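Commentary on secondary and tertiary structure
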Amino acid sequence: MTTTSILRALVGGGLIGIAVSIALVANGRIASISGTIARAFSADGGRGFRVPFLAGLIGTGVLAAVVTPHVFGAPIRSTPMLAIAGLLVGVGTALGNGCTSGHGVCGISRFSLRSIVAVVVFMGVAMITVAIAGVHA
């Protein structure tokens, strides 16, 4: 790890913390990405929060890729492999009743035992997957 990568991680983590805090304080909503996507167009009154929140996530990623293309580079896997991985993540979030953002960032910060168990399972499966697939960062 370089100092630059550590600083990027710290800044990124800080920005995530600020974003989920704003979502909770200003809108009374947990910033769970899978739940936000699943209910983005539901009639429960959350559309005014969910759609702009998702647009901000996508827009920030696109802006970062345009401004600093040398940081992102090409994907390390093929598009079909990424699509399969995305599908498996979607199935996992449905089975786990939430994703890493909802459980990991928001749930653990609220000392939710269910979220702590979920994150331990997420991380364990991720470690096993990396060991089996031989993925190297």
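Given the structure is predicted, the values throughout are model-derived calculations rather than measurements. (Residues numbered from 1 in each chain as written. Predicted model: local features only at pLDDT ≥ 70, side-chain atom pairs only at ≥ 80, totals over all residues. Heavy atoms only, no water.)

1. Describing helix 3 (residues 47–67)
Its 21 residues give helix 3 an end-to-end C-alpha distance of 29 Å, which sits within 8% of 30 Å, the value for a rise of 1.5 Å per residue. Those residues of helix 3 that sit buried are Phe 49, Arg 50, Phe 53 and Leu 54. Taken end-on, helix 3 shows its buried residues confined to a sector of 125 degrees, consistent with a single buried face. Opposite its buried face, helix 3 presents the exposed residues Gly 48, Val 62, Leu 63, Val 66 and Val 67, each directed more than 90 degrees away. Next to the buried residues of helix 3 lie helix 1 (3–27) and helix 2 (33–38). (Helix = DSSP H or I, 4+ residues; strand = E, 2+ residues; numbered from the N terminus. Expected span 1.5 Å × (residues − 1). Buried < 20%, exposed > 50% of the residue type's maximum accessible area, 1.4 Å probe, protein only. Arc of directions from axis to C-beta. Contact = heavy atoms within 4.5 Å.)

2. Focus: the environment of Val 120
You can see Val 120 is positioned in helix 7 (residues 113–133). What makes Val 120 exposed here is its relative accessible area of 57%. Put simply, Val 120 and Gly 104 are 16 residues apart on the chain and 9.3 Å apart in space, counted from C-alpha to C-alpha.

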